[in-house]
Amino acid sequence: MNQTGTVRQTMRHTQLGITDEQAVAMYEMMMLARRYDERSQLLQRAGKINFHISGITQEPSQVAMTFAMDRERDWFLPYYRDYGVVLSVGMTVKELMLSLFAKAEDPNSAGRQMPGHFGSKRLRIVTGSSPVTTQVPHAVGFALAAKMRGEKSVSIVSFGEGSSNQGDFHEGCNFAGVHKLPVIFICQNNQYAISIPFSKQSAGRIADRAIGYGFPGFRVDGNDPLEVYRVVKEARERAEAGEGPTLIEIMTYRVTPHSTSDNDLAYRTKEEVEEHKRKDAIPAFRQYLTEAGLWSDEKEAELQARQRAIIDEATEYAERAPFQPAEESWRYVYAEEDGGSR
Amino acid sequence: MNQTGTVRQTMRHTQLGITDEQAVAMYEMMMLARRYDERSQLLQRAGKINFHISGITQEPSQVAMTFAMDRERDWFLPYYRDYGVVLSVGMTVKELMLSLFAKAEDPNSAGRQMPGHFGSKRLRIVTGSSPVTTQVPHAVGFALAAKMRGEKSVSIVSFGEGSSNQGDFHEGCNFAGVHKLPVIFICQNNQYAISIPFSKQSAGRIADRAIGYGFPGFRVDGNDPLEVYRVVKEARERAEAGEGPTLIEIMTYRVTPHSTSDNDLAYRTKEEVEEHKRKDAIPAFRQYLTEAGLWSDEKEAELQARQRAIIDEATEYAERAPFQPAEESWRYVYAEEDGGSR
Amino acid sequence: MPVIEYIEAIRTAMKEEMERDPSVFVLGEDIGLKGGVFGTTKGLQQQFGEDRALDTPLAESAIAGVAIGAAMAGMKPIAEMQYSDFMFPATNQIISEAAKIRYRSNNDWDCPVVIRAPIGGGIFGGLYHSQCPESVFFGTPGLKIVAPSTAYDAKGLLKAAIRDPDPVIFFENKKCYRLITDEVPEDDYVVPIGKSKVMREGSDITVIGYSMPLHFAMQAAEELSREEGVEAHILDLRTLQPLDREGILEAAAKTGKVLIVHEDNKTGGVGAEVSAIIAEELLYDLDAPIRRLCAPDVPAMPINPPGEKHFLLNKDKLKAAMLELARY
Amino acid sequence: MPVIEYIEAIRTAMKEEMERDPSVFVLGEDIGLKGGVFGTTKGLQQQFGEDRALDTPLAESAIAGVAIGAAMAGMKPIAEMQYSDFMFPATNQIISEAAKIRYRSNNDWDCPVVIRAPIGGGIFGGLYHSQCPESVFFGTPGLKIVAPSTAYDAKGLLKAAIRDPDPVIFFENKKCYRLITDEVPEDDYVVPIGKSKVMREGSDITVIGYSMPLHFAMQAAEELSREEGVEAHILDLRTLQPLDREGILEAAAKTGKVLIVHEDNKTGGVGAEVSAIIAEELLYDLDAPIRRLCAPDVPAMPINPPGEKHFLLNKDKLKAAMLELARY
Ligand SMILES: Cc1ncc(C[n+]2csc(CCOP(=O)(O)OP(=O)(O)O)c2C)c(N)n1
Ligand SMILES: Cc1ncc(C[n+]2csc(CCOP(=O)(O)OP(=O)(O)O)c2C)c(N)n1
Ligand SMILES: [Mg+2]
Ligand SMILES: [Mg+2]
């Protein structure tokens, strides 16, 4: 025990089994996702890229939920705002930038897909598409495979609250419930599906749907990343113990427009957005770390400089990187022997 | 008040606002559905028809739920076991027999569809298909139309517990919940979906799913038709009052094989089936009426004779009736000016 | 006659039909205050209220299924699929239900629903915001399918679709929305479903197609006329289901040399049927093999600019194919 | 060589592949104790346990979607759709996901799933237990589609499908299940995907098709040979996607007179593509227009016997069409 031992024991993260180093790493990851996102917005406004879809305000909970998983063994099925997830799993800013610029070296799709469409077998990030919610049954399939092979992997899948109204949500959850599969369903309820407020998406609480599938459902405040960590960690433990799935509804708020193509003031007020911006979890988490003696203004300055350098370098690299040559565009329709177009 | 007034006032049906005549009519209707069904089974075994799908044990609750509706105004979206529903709405045994024999005069489809695929605009019975659960969003569409036009009609839709695991159940319920539409969702939980027992269909209770959609859900004993009546009646009142949908899970048991093509002893025991046969609600309801002074052995004998005659006549008629001529088979692909095949 | 944008023509058709008939209403994702992600339904909620310009939950099978139910109840719903790429969750409702309601009930019930879905690429939408799903629905009798290439046809065909007693899929081309403008009457008219239109008269080669690629064909035809003296006869199918057999055969017979174009991938596309109709009826009038110029047989177009460009048809690709055919 | 039923061939292929490879498993509705509604999976749960012959909830999108997930995780799932009529709820998973996983990830991920679905009528199944949905999936690159007509091919193609690294739809014909029997080796073999097969050599007319109608063609061919001295050349496509272009062109060139047959309705069917390929490549070798004999363009077949008979192909309809073509 060192000097600060007693202090730390009273800290929430310690109680949750998070080491100081991990707590700091979580903060750095939240910040990295935020800075990457801000840079992407700038690049879009500058006309360097066509399109960006933002995860701002959702990163703290994304990072927390990912840290609660086993990043060596588990399967990740993120959705398009999950920069906090994929960065935490090991995707680099450079890789994200290559995707943003749709360049050949992008590991997600070689610049074939929109940004935000993640995938990396190496990182156990499952390739995703645009039609929402199709990934939910996939996550159940990964969990089924894990169970059949006796592996201890758990799959975790994200989707928005709007997307939870697709049939695939229902069919996937019900399947997982019947077979008690090791899967965690994460609904990131950011109150809007493009222009549609939650009140016009559903008259119930998403978390309550778990009752009808016979497994636990929880609603948790997305601005409290440690609480998100706790709930996901417990869900993972249940999954690993063979106790089946969990549905977690993370309450958050989308402070950006839906994407760079959206004008959100057509359907909500600036005041409403500003109010939620004030609840941003990142400064609060920094404050928490500072009070725990784990963070300081100097560290913050160093971090900002370090992350800016990473992002600058990644941006430059990606901007200059080549596109996939047009002739390569028709490869991989099928496995390579007979692959490509006919 | 007549002499038996006091006795009747203590009777459950009277408390529910069901007149004596209606109570008797309900019984007769249950019996008619049962007898029609038994005859269909015989006809199939005799090789006179190819296929029958039975509703036996589910008729008492089907009749009760239909009597709880407004049969002049409401919309009915039955599923393939709902003989009790369509007879209560006004379809005749002859019409059902014409459908069973796939004859041209069948009002449901002119003998194009399988038996059990109901539809009659005149009777406000909405045409149904075989892929399960597609009728759930349709019922919501009827309710939406009623609301938009300011009509007091309510739509009521049936489906099995297996079918409640289709995406369309979820999407339809959620839509109705958001817009508080006048629709009643009836899950006839007969414990099996072909060979799959309920425990392998879902780990939750179907009724509980309503919670996640923000409207009430009830589980009710299908062998207690008066209780079914009460719950549906109240749901209808809420719907008409603009209070939105209700989900009702009617607990019952399929005592027949799934259809005449199924051998149920491949997946369940005779004992299990026999045990449930003993709980049949029809004798119990007869007993109830007898105790209420509304029924007697003579009436029963008269009823049996009357219904046998109806069924005999319908069978003979349908057996002799012509098929739709082959040349007519391609009509009504589109509205008639350019209808038929190209 | 005022010249308006293709998207404006679609909006106007809806607006006018909603004014004309109280049973017409629009439903879909973000179609209310936002006016749709492309702005196609802009102003409708303001004019007609929340009920008749109904924002729905994010669930395409319900959008189609609820619309089908309402249509059976006597309403005239226009269901918007945000992108045609996202209409696949509604396939079962469209193919098993809408297409078969009249037939299965022996004409007792009908289903006058319109399903609008934007098709086509060229907007850097990538795999899932660019698809042409015509082939998925084309082989299903009971459905009608239209795919206008001009603002005039967009308005006239949408009005015809709304008034049609049967289910109609309206494939509008999102690249056309603001790129294509033409003269559109202010008064009421319909373009009949099932009738193709000669876009350009010519005697050397026949180009048959629908939607956006026809504009490339028109541009190429003008250049070929000027530069090579080649006169292309261009037929806009306008309706894909039912195809206008007579129109197709007449156009093919006109020159004896046929090029079929569409942005949907080649194998199994509408062009195969057009070719098969000609091969069945007109074989001896042909002076060249029937050609098809379509998107490659890959799952969908990539988002990166070289990939997208390589995938899409354009004037130059059309011109080369047309010239080659003329010289055959 | 033992002569076995078509259905037995399918069952045996699954059984042998499950014995060979522990990552192969079957999932679907009623496939366990009941052995499937047709008995196709009978005995598999007894032999391999509940996990590897997995009864699922009644939800086709989940059956496909969970199988796709498991396939990406390295398993080899065989997903059974109880009837092909009921696979439409899974369209989005099949078209948006299975077909595009390899392409969209630039070959990082793959999806070796098999989707089995019984097609075809003639069993008094009516509108929704008789359909041929080939055209819905045919136009989607990234999928492979096979449709065997014999027990030999059923076993060999199913094995090939299970071992294939890409998604394969296996359209088995339910009318063939017990009607079609032929010699099937007891030892391991595969029928390669993408290769057609000449079922009968002939020099007068060419019949190209797949699945059940080919048996009518074979019967008609024997009669025409005996009665009219007409010798039909019959090609079984076996694989619909990718089509065997060389096989098709060779068979068409053989006689110069082509009849294409399938039970799926005519417009937009696989036959249109076959015809278009021939019209594109072989126009000058043809001695007659390319004909197609298919189901009529109605939503689906009626259940009443005259309607069903009127709808379905049979030996006599084939014979008449073949003779007419021979005499052309
Ligand atoms: C099946 C389908 N329909 C429509 C869309 C278009 N779309 C993309 S994102 C989106 C809203 C999603 O809202 P939500 O699920 O709440 O996630 P959020 O964007 O708010 O994080 C819509 C309608 C789509 N991608 N897929
Ligand atoms: C989409 C779809 N998949 C499969 C089937 C085949 N099928 C017909 S009935 C049935 C079981 C239905 O079970 P349930 O919903 O519980 O109703 P029940 O028959 O028990 O009344 C199945 C699988 C179908 N009709 N539709
Ligand atoms: Mg949201
Ligand atoms: Mg059941």
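Residues numbered from 1 in each chain as written. Chains lettered and ligands numbered in written order. Predicted model: local features only at pLDDT ≥ 70, side-chain atom pairs only at ≥ 80, totals over all residues. Heavy atoms only, no water.

1. A few points about the interface of chain D and chain A
Phase 1 of the analysis: In this assembly, 44 residues from chain D lie in contact with 42 residues from chain A.
Phase 2 of the analysis: When chain D packs against chain A, the two sides together hide about 3600 Å² of surface, and 62% of this comes from carbon and sulfur.
Phase 3 of the analysis: Three residues, Y103, R104 and W109 of chain D, lead the burial of chain D against chain A; their summed loss comes to 21% of the area buried on that side.
Phase 4 of the analysis: The tally of links between chain D and chain A comes to zero salt bridges.
Phase 5 of the analysis: Summed over the shared surface of chain D and chain A, the number is 22 residue pairs in polar contact (both at pLDDT 80 or more).
Phase 6 of the analysis: Residue assignment for the side of chain D that touches chain A shows that the elements contributing at least two residues are β2 (24-28), α2 (44-52), β3 (53-55), α3 (60-72), α4 (91-97) and α5 (101-104) of chain D.
Phase 7 of the analysis: Considering each element in turn, the side of chain D that touches chain A owes the most residues, nine residues, to α3 of chain D. (Contact = heavy atoms within 4.5 Å. Buried area = accessible area lost by both parts, 1.4 Å probe. Salt bridge = Lys/Arg side-chain N within 4 Å of Asp/Glu carboxyl O. Polar contact = N/O pair within 3.5 Å; in protein donor to acceptor, adjacent residues only side chain to side chain. Helix = DSSP H or I, 4+ residues; strand = E, 2+ residues; numbered from the N terminus.)

2. Looking at the interface of chain C and chain D
You'll often see interface size given as the accessible area lost when the parts meet.
Phase 1 of the analysis: With 47 residues of chain C at the contact, the number on the chain D side is 47 residues.
Phase 2 of the analysis: In this assembly, chain C packs against chain D so that about 4000 Å² is buried in total across both faces, 60% of it on carbon and sulfur atoms.
Phase 3 of the analysis: Interface area lost by chain C to chain D is led by Y103, E280 and P299 of chain C, which between them contribute 16%.
Phase 4 of the analysis: Where chain C packs against chain D, one counts six salt bridges.
Phase 5 of the analysis: Of the charged contacts, one joins K266 of chain D and E280 of chain C as a salt bridge, the two residues approaching to 2.9 Å between their closest N and O atoms.

3. A word on the coordination of the magnesium ion (ligand 4)
Residue and element names in this part refer to chain B.
Phase 1 of the analysis: The magnesium ion (ligand 4) binds to the protein through E161 (OE), E161 (OE), N190 (OD1) and Y192 (O); the donor distances cover 2.0 to 2.6 Å.
Phase 2 of the analysis: Between the six donor atoms coordinating the magnesium ion (ligand 4), the angles at the centre fall across 53 to 172°, so the site counts as irregular.
Phase 3 of the analysis: When the donor residues of the magnesium ion (ligand 4) are listed from N- to C-terminus, their spacing reads E-x28-N-x1-Y. One end of the pair, E161, is in the loop between β2 (155-160) and α8 (167-178); the other, Y192, is in strand β4 (residues 192-193), and 31 residues separate them in sequence. (Donors = N, O, S within 2.8 Å, 3.2 Å for Na, K, Ca; no water. Tetrahedral: all angles 85-135°; square planar, octahedral: opposite > 155°, others 65-115°.)

4. Some words on the pairing of strand β3 (residues 183-189) of chain B
All names here are of chain B.
Phase 1 of the analysis: The buried fraction of β3 is high, at seven of seven residues.
Phase 2 of the analysis: Neither face of β3 is open: one carries V183, F185, C187 and N189, the other I184, I186 and Q188, and all of them are buried.
Phase 3 of the analysis: Direction of pairing for β2 relative to β3: parallel, over a ladder of six bridges. Paired with S155 across the strands is V183, a residue of β3.
Phase 4 of the analysis: Chirality of the crossover, the property in question, places the unit of β2, α8 and β3 among those that are right-handed.
Phase 5 of the analysis: With six bridges connecting them, β3 and strand β7 (residues 246-251) associate as parallel partners. Residue pairing for β7: F185 is matched across the bridge by L247. (Buried < 20%, exposed > 50% of the residue type's maximum accessible area, 1.4 Å probe, protein only. Pairing = 2+ DSSP bridges. Right-handed = clockwise from strand over helix to strand, strands pointing away.)

5. Regarding the coordination of the magnesium ion (ligand 3)
All names here are of chain A.
Phase 1 of the analysis: Protein coordination of the magnesium ion (ligand 3) is provided by E161 (OE), E161 (OE), N190 (OD1) and Y192 (O), with donor distances spanning 2.0 to 2.6 Å.
Phase 2 of the analysis: Coordination at the magnesium ion (ligand 3) comes from six donor atoms whose angles at the metal span 53 to 172°, giving a geometry best classed as irregular.
Phase 3 of the analysis: Counting gaps between the donor residues of the magnesium ion (ligand 3) yields the pattern E-x28-N-x1-Y. Here the residue E161 occupies a position in the loop between β2 (155-160) and α8 (167-178), and N190 occupies one in the loop between β3 (183-189) and β4 (192-193), the gap between them amounting to 29 residues. As far as burial versus exposure is concerned, E161 and N190 are alike and both buried.

6. Section: the packing of helix α3 (residues 20-45) of chain B against helix α6 (residues 93-100) of chain B
Residue and element names in this part refer to chain B.
Phase 1 of the analysis: Two numbers describe how α3 lies on α6: the axes approach to 11 Å, and their chain directions differ by 25°. In this view, α3 runs roughly parallel relative to α6, as classed from their interaxial angle. For the element pair α3 and α6, the recorded crossing hand is right-handed. Listed contacts from α6 to L32, Y36, R39, S40 and L43 of α3 are V93, L96, M97 and L100. (Axes fitted to C-alpha atoms, helices over the stretch in contact; angles between N-to-C directions. Parallel < 35°, antiparallel > 145°, perpendicular 65-115°, else oblique. Left-handed = near helix turned anticlockwise from the far one by under 90°.)

7. Examining the sheet that holds β2 of chain A
All names here are of chain A.
Phase 1 of the analysis: The five strands lie next to each other as β1-β2-β3-β7-β6, forming an open sheet whose pairing is parallel. Edge positions in the sheet fall to β1 (75-77) and β6 (217-221), since each of these pairs with one other strand and no more. For this sheet, the mean inter-axis angle between neighbouring strands, taken without regard to orientation, is 20°.
Phase 2 of the analysis: Each of β1, β2, β3 and β7 (246-251) is contacted by helix α4 (residues 59-67), which is oriented at about 170° to β3, the strand it contacts most.
Phase 3 of the analysis: Along the sheet face, α8 touches β2, β3 and β7 and points at about 150° away from the line of β3.

8. So, helix α3 (residues 20-45) of chain A
Residue and element names in this part refer to chain A.
Phase 1 of the analysis: In this model α3 runs 38 Å from its N-terminal to its C-terminal C-alpha over 26 residues, within 8% of the 38 Å that 1.5 Å per residue would give.
Phase 2 of the analysis: With 19 of 26 residues buried, α3 is to be regarded as a mostly interior element.
Phase 3 of the analysis: Where α3 terminates, the next one or two residues include G47, which has phi positive at roughly 80°. (Expected span 1.5 Å × (residues − 1).)

9. A closer look at the pattern of salt bridges
All names here are of chain C.
Phase 1 of the analysis: Counted by the stated rule, this structure contains 116 salt bridges over all chains.
Phase 2 of the analysis: For R178, the salt bridge identified is with E5, shortest N-O distance 3.3 Å. Taken together, the residues span a long stretch of sequence, with R178 in helix α8 (residues 176-179) and E5 in strand β1 (residues 3-5) at a distance of 173 residues.
Phase 3 of the analysis: Residue class for R178 comes out partly exposed when judged on its relative accessible area of 49%.
Phase 4 of the analysis: The exposure class of E5 is partly exposed, given its relative accessible area of 27%.
Phase 5 of the analysis: Between R327 and E228 there is a salt bridge whose closest N-O contact spans 3.2 Å. Here E228 lies in helix α9 (residues 213-228) and R327 lies in helix α13 (residues 315-327), a separation of 99 residues in the sequence.
Phase 6 of the analysis: The exposure class of R327 is exposed, given its relative accessible area of 58%.
Phase 7 of the analysis: Note on E228: relative accessible area 38%, which makes it partly exposed.

10. Remarks on the domain arrangement of chain C
Residues and elements named next belong to chain C.
Phase 1 of the analysis: Splitting chain C by domain gives domain 1 (3-183) and domain 2 (197-327).
Phase 2 of the analysis: On a C-alpha basis, the centres of domain 1 and domain 2 stand 26 Å from each other.
Phase 3 of the analysis: Residue-level contacts link 32 residues of domain 1 with 27 residues of domain 2.
Phase 4 of the analysis: Summing both sides of the interface, domain 1 and domain 2 together bury roughly 2400 Å²; the carbon and sulfur share of this comes to 60%.
Phase 5 of the analysis: In terms of surface lost to domain 2, no three residues of domain 1 exceed F124, F138 and S149, which account for 26% of the buried area on that side.
Phase 6 of the analysis: Where domain 1 meets domain 2, there are two salt bridges.
Phase 7 of the analysis: Between D153 and K197 there is a salt bridge; the shortest N-O distance is 3.1 Å.
Phase 8 of the analysis: There are 15 residue pairs in polar contact (both at pLDDT 80 or more) connecting domain 1 and domain 2.
Phase 9 of the analysis: Going through the elements one at a time, α6 (134-138), β6 (144-146), α7 (151-163) and α8 are the ones with two or more residues in the side of domain 1 that touches domain 2.
Phase 10 of the analysis: For the side of domain 1 that touches domain 2, the per-class residue count stands at 16 nonpolar, twelve polar and four charged. (Domains from an automatic or database assignment. Nonpolar A, V, L, I, M, F, W, Y, C, P; charged D, E, K, R; others polar.)

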